[in-house]
Amino acid sequence: MTAQKPEYQHWRLERDEHDIAWLYADKANAAANNLSKAVLEELYDILSRFKDDRPQGLVILSAKASGFIAGADINEFTTLSGQKDAEDLIGRGQAVLDRLAALDMPTVALIHGFCLGGGLELALACRYRIADEAPKTKLGLPEVNLGIHPGFGGTVRLPPLMGAPAAMDMMLGGRPLSARAAEKLGLVDYAVPARHLKVAARETVLRPPPRKQATGWKAWTNHKLAQPLLARYLEKQVAKRARKDHYPAPYALIDLWKAHMDDPRRMMREEAASVARLVMGETAQSLVRVFFLQERMKSLGDKKEIDVKHVHVIGGGVMGGDIAAWCAMRGLRVTLQDRSHETLARVMKRAHDLYKKRLKQPRDIQAAMDRLIPDIHGAGLPKADVVIEAIFEDVDAKQALYKEIEPKLKKDAVLATNTSSIPLETLCKSLSRPSRLVGLHFFNPVAKMQLVEIVKGAQTADKAVKQAAAFCRHIDRLPLPVKSAPGFLVNRVLMPYLLEAVTLEEEGVPAAVIDQAALEFGMPMGPIELADTVGLDICLSVARILSQQLDMPVPGRLEQLVNAGRLGRKSGEGFYRYENGKKVYRGETKDYAAPADITDRMMLRFLNETVACLREGIVDEADLLDGGVIFGTGFAPFRGGPMRYIDKIGREQLRHKLETLELKYGPRFRPDAGWSQA
Ligand code: NAI
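This structure is a prediction, so every number in the text was calculated from the model and none was measured.

With that settled, the discussion passes to the site of the ligand. Neighbouring residues of the ligand: 22 residues in total, closest M319, D338, E393, K398 and S420. The contact in question runs from an oxygen atom of the ligand to an N or O atom on the backbone of I391, over 3.4 Å. N418 is positioned such that a nitrogen or oxygen atom in its side chain is 2.9 Å from an oxygen atom of the ligand. Those elements giving two or more residues to the shell around the ligand turn out to be α13 (318-329) and α16 (395-405).

Dropping the structure here:
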């Protein structure tokens, strides 16, 4: 093997004894590769030189442990001056990959770890793809999550390779595939163990097999005659998840495919134009912002702050059980303590269901189950690096528990509580070292909700906060430090919005109409259905606590339903009725004329409370508040977060609306003092 002199910053080129060129992606000063302008320009230069010095074949691989290439450089999206600039940038990327596709020699992408977005599009421009079969290999086109669709030829090359249904599913859903699934669907030629990767690539170059291409009915799905039907079906599927005015990218992708699949050259140009339009639009700009907010929140936890191998969870109810199951899935040894054997057995069953869905491979499921250990007597407590208490929401019970367990804890163990309403300052009173108690406030369902609020009580040591945030990163959750105040951030901003929805229902607006208004604003679930899902008893207890502290009236309707035993989904009836866990609509709402201000009433109470939280310093800054609210409540990501939304619509205008609502409905709409602060 001869290494060429290192004239490139981001690539390394070697020739072996078979005259095969091995081109390593190795972006300078970065842990992962991406396709920045500079990386692409160097690639263009390298490929151009093959004209005069043609190797037998080319293998593109990565020198980074993290994986192949993670995508485009998203930072560059934020520096675009306009649509024309965007189209030029995309066009240039396409030209580089076109050059790769046009090489008259066998070309192989040799993939391990992440192969996403532009990285997969580069692999698609090679004749062959060979992937490491390990579970950490992920192949995907997640561009829709950023409000765009593939732009480096992915939309042109993928459908003929896999057939339209699988290709469109990958691009519209944005979910990555494992190497095995990718092999089955024809996206990669071979999925092999890591130790065979290079041999497989060499063999492929020296004895090139026929190229993969969709055949039979799969090829037919791209035909002009089949397209309209499939396009209609795809649009219907997309419409279930995303509205066109909120998320235009998936619809643009279907249009592109339908209009131009039969003319690849034209489609390439249209692909660039479509992405350029999307990327400059409001949705993509907001979603890119959400991406950076997420990165920012990740950086709030530094894994090095804590070496965690063993977690002990006390309380195996709704929350404790799911927290324990999640931690074990993320690779930690977990002991789960509860007073009841039946509860522990239920958690093991729930955990198994989760692992089956998420891990799929029997050996991975078994390994996770082995890490989750029911522990009725608390034998794991003295060995744990992190102890999470998730027993009933009861001050005396929690204080008594801390008193009992404190002497048994490891000296440096983090002690965390999942309490949603009891001040840490009260809870820590029974501890001889109160500074170690920190809040780790998870949300239900744990496996879906990325956010964890890190609650710092007046006594909590900074170190405990840092370690709790670091722990979140070990289990792949997003930490958000919040002040110890009623409702912290998420429940605090959600509750006035939920209560306004209940008030509307009390006034006679049908639940389905209220929920529909929130969905149209872009919330992931209507507030009435959310209340039913959380449980009306839980809503009522949080509402009571917040109403005492924040002067927030609780509608009588909530109490009335709880007293009648209608607790929501779990009891089979709340605002809605549920049959086998499925919501059953009551009454027809088609002809109902909804009051014009229902969205304003709900959303302005939400926004008013976020403004109050910022003013009170519940969260340090507006960006983090936006991130917390998006990842904790699902607040319309395409709007970029509540503070961003306020800036866009205009503070004065929104404040004025609140004043109007106050005149009409009373002081619960009084604008917070934060509206007049800069
Ligand atoms: P739950 O009532 O479902 O479960 C509590 C569990 O703790 C029961 O299984 C009980 O047997 C066990 N337990 C009680 N005392 C114990 C003791 N001394 N030793 C061992 N086990 C004991 O409660 P849930 O809903 O899981 O809530 C737990 C905590 O999480 C509460 O502090 C709650 O405020 C908080 N939380 C609840 C959320 C929810 O949506 N349910 C969301 C976020 C936080």
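Here the narrative resumes.
This part takes up the domain arrangement of the protein chain. Many descriptions give the size of an interface as the accessible area lost when the pieces come together. For the protein chain, the assigned domains are domain 1 (2-280), domain 2 (303-484) and domain 3 (491-676). Each of domain 1 and domain 3 has a C-alpha centre, and the two are 42 Å apart.

On to α16. All of the buried residues along α16 are K398, Q399, L401, Y402 and I405. Axial view of α16: buried residues confined to an arc of 160°, hence all on one face. Facing away from the buried side of α16 by more than 90 degrees, the exposed set consists of D396 and K403. Looking at the buried side of α16, the elements it contacts are β11 (310-314), β14 (386-389), β15 (414-417), α17 (424-427) and β16 (437-441). You can read the cap of α16 off the contacts: a side-chain oxygen lies 3.1 Å from the backbone nitrogen of D396, and it is on D394.

Taken as a whole, this structure holds 52 salt bridges when the rule is applied. Between R289 and D626 there is a salt bridge, and its shortest N-O distance comes to 3.0 Å. Remark: D626 occurs in helix α25 (residues 622-633) and R289 occurs in helix α12 (residues 282-298); sequence separation between them is 337 residues. Across the pair, exposure class does not vary: R289 and D626 are buried alike. Note that D412 is salt-bridged to K411, the shortest N-O span being 3.9 Å. Across the pair, K411 and D412 agree in class, each one exposed.

Conventions adopted
- Residues numbered from 1 in each chain as written.
- Predicted model: local features only at pLDDT ≥ 70, side-chain atom pairs only at ≥ 80, totals over all residues.
- Heavy atoms only, no water.
- Near = heavy atom within 4 Å.
- Polar contact = N/O pair within 3.5 Å; in protein donor to acceptor, adjacent residues only side chain to side chain.
- Helix = DSSP H or I, 4+ residues; strand = E, 2+ residues; numbered from the N terminus.
- Domains from an automatic or database assignment.
- Buried < 20%, exposed > 50% of the residue type's maximum accessible area, 1.4 Å probe, protein only.
- Arc of directions from axis to C-beta.
- Contact = heavy atoms within 4.5 Å.
- Salt bridge = Lys/Arg side-chain N within 4 Å of Asp/Glu carboxyl O.

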